[in-house]
Amino acid sequence: MINLEHLHPPPGCGHVTAYENDGRLRALHVTEALETTKKWLGGQFIEVTVGQEPVRTAHSKQEAREAFSAHTETPWQRVMFAYYEEGWEASLQEMIKGKDEGSLYQVASTMASVILKVCGIIAKAQALLPSPKRSGSSANTPLVLRGSGGSIVSVAWHPHTNTLAAVFCDDTVRVFAAGRSITPLLKHRLQKSITHIAWMPYSASLMAVGCECGVLLWTLDPVNVVTRPSGSCVSLLAHPSATPINSLTWHPKGNLFACVGGSNSQLVVWDVGREASVVVHSGTGGNISLVLWSPDSSRLFVAYSSKIMRVFETRSWTYEQWSLESPIQSAVWSSLGHLLLFVTQDDPVLYYLGFIPGEGVGGTQVAAQVADLTQTLVSDEDGEEVSVGGPVKQLAWDIRSERLAIVFRDTEFVVLFHTHTHPTLHLAPGGEPCQVPVSVSFQKNLPNGAVLSVVWSSGQVQHIPMRYSSREPLPSTLNTSTFNTSIRTTHNSILNCSVPLNTSMGYAGSPVTSPLIGGIFTSP
Amino acid sequence: MKPEDLFSSEVLLWRYVRALACLLLLQVVAPMAVCNLYHTVVAQRILNPITVTTNLLTSCIYPTKLLRLVVPAACFVILARVHIKSYTVSAWVPLNRWEKWRRVLSLTVILRSGLIMIACALLANFYTSLAHPDFPFLVIPCTPGDVMCYKRKTVIIYMGAYVGYHYAYKYFMLNGNLITPTPAHPRKLQLIKASLSLRSTREACNTHGANKLSFLCAICIYMAAAIMINLIYDGNWQEWLVIFDLPLMMMTLLATVLLAISLSLFSQVFHIFITEPVEIPVATAEDSNPEAETDSWRLSNALSSSGLLQLLAFWDLKTLASSDPMNFARRTQVFCISQPGGHPRNWMGIMNPSMNLIRKFCERLKRHNCPEDLPKPPVVPAGAASAPTDVNKNEVVKPPPVPFKERAVKLIMSLKRYPFFGYFLSDLPDATNRSIFAEALPVIWAVQALGDLVTASFTEDKFGVVQRNIPDILMAFTQLQKVVDGLGRVTISRRPGTGEALPSELQLRKALRFSLRSALYTVTTTFGDTVLAMPVSAECQSKLQSYLQFKEG
């Protein structure tokens, strides 16, 4: 199993990762790196800029009110207003704030403080109980809160064109397209606390934005020159069982999408054209944090905030379940939909799960470890020791499953692996201190090679072109007749972390890890 | 045997039976348990859980109660009969107000609404008689001294009939009888579980007349009617005020809520069972000898049929065509050729009905919106046909008799000028287009299926059976898209977040545009620049070019 000590040293101070060539990441000076990227990408280069206007984070709106409100009301009025605006808890808080307002008020204030303390104790006691609704929900927080203060918090590439949607911290989305100076700004009163954005496959113009009130479907005419699409371009798809949205995923053909949300464990599938929905699963397991449709459309991965994950087959929606030692943090399907890579919230280990085509889910009994991502100290090119690895924040796999990027929660490096799912898995990593990567996304419409877009904590988006000759077939050119349908597996298996790699055989292949030449992956 | 008959006798009949069995189990056992519990705890004031449980169990096998089970069973059979006879697969869109009134006043609708109301009244009486000893069963006569007995019976029966009327109006006039398959098909148990959730039951109460306002309204109407009757017959109207007693109110509420939930569950469970997908074989053993039997249980025949079978056949075709590897074996059958002979029978059997449906739909739209685009029918020369002649062979100039239908149309047109008749007979806005789009669901699935099959043929079609027809398919798609786009945007718009839903026909119009675009993008993305080399019209080619460049939004 590969670990992060196999990495090549990161570049020294003042250098950034600019591109990948001959299987190695190259670092250059900041200005040179940008120039090189522009030269490599030519007309396809998209500069993601914030613009002139200041971007205010969506979660600081409450504080402004305090600066301007004149406190001319009586304390009782303030309590009433607090109750109307924010509920009974806020009114009790407001009651405690008032001082020297008479004996009756003092008694009420004392009672309020006692009630609040009792409530606090009850809340603490509830937190101690093992409730699935409360456990690990870092994946469900809005993107803005997951960012680290920069203006851009996430990017999503269009599956077929050179178009990139960027989520800003003020809950707006801007769409950048190569060769177009117009960047439409998507803003709506219902678009609050964005958790997920995804472009619809096989469409030029449709984008789903998962937010507090449901899924907002934006229809953006590609030849339109309007910079601020109106409210008529939006339609809201909200199911009471799936609001606020935690995660959403498009069917690979685009007509359907699955979404999950709220504190219940219901899985909702929408027909986008007819705007009709159906709850395909409602069971136990706590709230669902992540859904992913496999690229061959036959399976749907569902991660729960409790320590289980399920994979559904999408014909009659039966499932197989795996128990975990910690809730899922991030997961990715391989391009052919036969392999699932995932990481949990606490273990710095990359796992894989193979699937055998045929009736039912067909998952292997146990997940195997493929990479040890434990935090380690490595020396950079200048000889300074830097920390790499730890618990993982996000995984991203390119369209051909040849490059896998990993962002860590506590350390400042993006690790890049060269992967080959037929039959082996290669790895090669990098990163840089000072700035923290927030999220990563691969461009999806490239005929060969890859472009990785990294959102740094400063709000900058860096594109890293990767030139390589592909060894993996694209999903569309796969001949399904080559699938071996003779192997079946049982379900409800327990995840065993200590299984040697070569135990799972068959079509899914056994990802044998091998250290590759380490590359460096740095921020500008 | 025709595919429709086969479908009715072998598939649909069993679905009805299973739906009814499931409903009886769900709706008789569960409400009986609720009512018995109420009877034990509230009426008899027994609070010991062991006694309550034993009472519940013994009451279920009590002979009189078992006898009473005949009543709900009969009610459900009546309701099932009405549902089986009245469901439809395309929404009803009235062209003018007269059509609306005609439907309201039609004998069938009145008769079926009456049946629903009777069934509901009986059910309400059944539920209350189970729950409280003061509420006797309909057939049990009241004791002479009991003043309230008769009034309680009438109030409950009236409220039952009222909820039934609410349901029947929604069912017949507001497309409550429309049956459309759900976007995904999980197990039936899951769907039933979802329809039993607290949220759906609350929604059911609101929609089927068991909400507070409706309840009050019904009671007021009832009171007014009762007082009027008493005044006419010189009775003491004040005695009717005694119906405002707490147990009666409680029982009325319980009965209406249970009834509303029962009706909603009935329609949902019926819907779930009827729209269950059916897998129709692409090719059968008879295919090797096509002259042996022409009408058989095959996908191509089912696609050419009508109604529910056609809808389910197109759903099956759509599933078959999707990229799911599990359907690979069935897709292979579509692309195979007959042995001997090498004819692509299966593909043609699928493509022809689908294309016919798409073309006919396109023609209907064109005929109404842009008749000038339609190809002109060949003009018959005046002298070519045998003209009427007299005995001397001279042509007789005699105007042909005007058929009755034309005269009726002319009469209606002339009546429209008068305001009173105009109100009823003038067309409602966009009604014709809406009525056409109400039947668009199979067209949408045909478009999706053909798009997916053409895409799949790129890698899976070994004999090239599809490639000859790709230009035709693309031209049909682009033509239909031109017509649909030419209609402009949907006139009724709504603001997101207001919770309003578009009428189903307008939603289908949106869905058709959406699926056409999606299908064309799927084909152009898979085939790339090759599509430009296909022999298609110049207009279609320019459209494909813009699809290749992702400029169609």
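Predicted, not measured: the structure shown is a model, and the values here were computed from it.

The rules we used
Residues numbered from 1 in each chain as written. Chains lettered and ligands numbered in written order. Predicted model: local features only at pLDDT ≥ 70, side-chain atom pairs only at ≥ 80, totals over all residues. Heavy atoms only, no water. Helix = DSSP H or I, 4+ residues; strand = E, 2+ residues; numbered from the N terminus. Buried < 20%, exposed > 50% of the residue type's maximum accessible area, 1.4 Å probe, protein only. Contact = heavy atoms within 4.5 Å. Disulfide = S-S within 2.5 Å. Phe/Tyr/Trp six-rings, centres within 6.5 Å; stacked < 30°, edge-to-face > 60°. Lys NZ or Arg CZ within 6 Å of the ring centre and 35° of its normal. Pairing = 2+ DSSP bridges. Axes fitted to C-alpha atoms, helices over the stretch in contact; angles between N-to-C directions. Patch = residues over 30% accessible without salt bridge, like charges linked within 9 Å, V, L, I, M, F, W, Y side chains within 5 Å. Areas by Shrake-Rupley, 256 points an atom, 1.4 Å probe, with all protein chains shown as cover. Salt bridge = Lys/Arg side-chain N within 4 Å of Asp/Glu carboxyl O. Buried area = accessible area lost by both parts, 1.4 Å probe. Polar contact = N/O pair within 3.5 Å; in protein donor to acceptor, adjacent residues only side chain to side chain. Nonpolar A, V, L, I, M, F, W, Y, C, P; charged D, E, K, R; others polar. Expected span 1.5 Å × (residues − 1). Arc of directions from axis to C-beta.

1. Here's the deal with the overall build of chain B
- The secondary structure content of chain B amounts to 22 helices and zero strands.
- Counting every position in chain B, which comprises 553 residues, the buried fraction comes to 46%.
- Residue pairs at least 24 apart in sequence account for 76% of intrachain contacts in chain B once pairs closer than 6 positions are excluded.

2. A look at the state of the cysteines
All names here are of chain A.
- For the structure shown, the criterion picks out zero disulfides over all chains.
- Sulfur of C213: no disulfide; nearest cysteine sulfur belongs to C211 and is 3.9 Å away.
- Unpaired in this structure, C259 has its nearest cysteine sulfur neighbour in C211, at a distance of 11 Å.

3. What about the packing of aromatic side chains?
- Evaluated as defined, the whole model comprises 22 aromatic pairs over all chains.
- With a centroid separation of 5.0 Å and an interplanar angle of 70°, the aromatic rings of W315(B) and W445(B) are classed as edge-to-face. Here W445(B) lies in helix 19 (residues 441-460) and W315(B) lies in helix 13 (residues 307-321), a separation of 130 residues in the sequence.
- Chaining the aromatic ring pairs together yields one cluster made of Y16(B), F76(B), Y87(B), F266(B) and F270(B).
- For the cation-ring pair, R174(A) lies above F168(A), with the distance from its terminal atom to the ring centre recorded as 4.3 Å.

4. Focus: the sheet that holds strand 14 (residues 266-271) of chain A
Residue and element names in this part refer to chain A.
- Strand order in the open sheet formed by four strands is 12-13-14-15, with antiparallel pairing between adjacent strands. Strands at the two margins of the open sheet, each flanked by one partner only, are strand 12 (245-250) and strand 15 (276-282). Put simply, the sheet's adjacent strands are angled 25° from each other on average, direction ignored.
- With five bridges connecting them, strand 12 and strand 13 (residues 256-261) associate as antiparallel partners.

5. So, the pairing of strand 12 of chain A
- With respect to burial, strand 12 of chain A is a largely interior element, six of its six residues being buried.
- Connecting the antiparallel pair strand 12 of chain A and strand 13 of chain A is a turn made up of five residues, with G254(A) showing a positive phi of about 100°.

6. Let's talk about the sheet that holds strand 4 (residues 152-157) of chain A
- Here we have four strands laid out as an open sheet, ordered 4-5-6-7 (chain A), and antiparallel in their pairing. The open sheet has two free edges, formed respectively by strand 4 and strand 7 (185-186) of chain A, since each of these has just one partner strand.

7. A word on a nonpolar patch on the surface
Residues and elements named next belong to chain A.
- On the surface, a nonpolar cluster with roughly 870 Å² of combined accessible area is contributed by M80, F81, Y83, Y84, W88, V107, M111 and I115.
- Mapped by element, the contributors of at least two residues to the nonpolar patch are helix 3 (75-86) and helix 5 (103-128).
- Tracing the chain through its elements places W88 in helix 4 (residues 88-97).

8. With respect to the interface of chain B and chain A
- With 45 residues of chain B at the interface, the matching set in chain A holds 58 residues.
- Summed over both partners, the interface of chain B with chain A buries about 4200 Å², with 57% contributed by carbon and sulfur atoms.
- Counting across the interface, chain B meets chain A through two salt bridges.
- For the pair chain B and chain A, the interface holds nine residue pairs in polar contact (both at pLDDT 80 or more).
- Counting only elements with at least two residues in the side of chain B that touches chain A, the list comes to helix 8 (188-195), helix 19 and helix 21 (504-527) of chain B.
- Here the residues of the side of chain B that touches chain A sort into 17 nonpolar, 15 polar and 13 charged.

9. A word on helix 21 of chain B
- The first and last C-alpha atoms of helix 21 of chain B sit 34 Å apart over 24 residues, in line with the 34 Å expected at 1.5 Å per residue.
- Within helix 21 of chain B, 20 of the 24 residues are buried, which leaves the element mostly enclosed by the surrounding structure.

10. Comments concerning helix 1 (residues 30-41) of chain A
Residues and elements named next belong to chain A.
- The first and last C-alpha atoms of helix 1 sit 17 Å apart over 12 residues, in line with the 16 Å expected at 1.5 Å per residue.
- Residues of helix 1 that are buried: A33, T36, T37 and L41. Viewed along the axis of helix 1, the buried residues span an arc of 120°, placing them on a single side of the element. In helix 1, the exposed positions that point more than 90 degrees away from the buried face belong to T31 and K39.
- Following helix 1 by one or two positions, G42 has its phi on the positive side, about 60°.

11. Concerning unusual backbone geometry
- In this model, T243(A) is joined to P244(A) through a cis peptide bond whose omega is -10°.
- Structurally, P244(A) is set in the loop between strand 11 (234-237) and strand 12.
- P340(B) follows Q339(B) through a cis peptide bond whose omega is -5°.
- One non-glycine residue, D171(A), adopts positive backbone phi at about 60°.
- Its place among the elements puts D171(A) in the loop between strand 5 (163-168) and strand 6 (173-177).
- A residue is classified by how much of its surface remains accessible, and D171(A), at 6% relative accessible area, is buried.
- You will see that E275(A), though not glycine, has its phi angle at about 55°, which is positive.
- By secondary structure assignment, the location of E275(A) is in the loop between strand 14 and strand 15.

12. Considerations on the pattern of salt bridges
Residues and elements named next belong to chain B.
- Counting across every chain of the model gives 17 salt bridges over all chains.
- Of the charged contacts, one joins R367 and E363 as a salt bridge, the two residues approaching to 3.8 Å between their closest N and O atoms. Separated by four residues within a single helix, R367 and E363 lie in helix 15 (residues 345-369), roughly one turn from each other.
- When its relative accessible area of 49% is taken as the criterion, R367 is described as partly exposed.
- A cluster of three or more residues bridged by salt bridges with shared partners is formed by R18, K188 and E276.

13. Examining the side chain of T419(A)
Residue and element names in this part refer to chain A.
- Counting through the fold element by element, T419 comes out in the loop between strand 28 (414-418) and strand 29 (424-427).
- There is a polar contact of 2.8 Å between the side chain of T419 and the side chain of W397.
- Of the polar contacts made by the side chain of T419, one reaches the backbone oxygen of S401; its length is 2.8 Å.

14. Focus on the environment of A33(A)
Residues and elements named next belong to chain A.
- Within the fold, A33 resides in helix 1.
- Taking relative accessible area as the criterion, A33 reaches 4% and is therefore assigned buried.
- A C-alpha to C-alpha distance of 58 Å links A33 and S113, two positions 80 residues apart in sequence.
- Not counting residues up to four positions away in its chain, the partners in contact with A33 are V16, A18 and L28.

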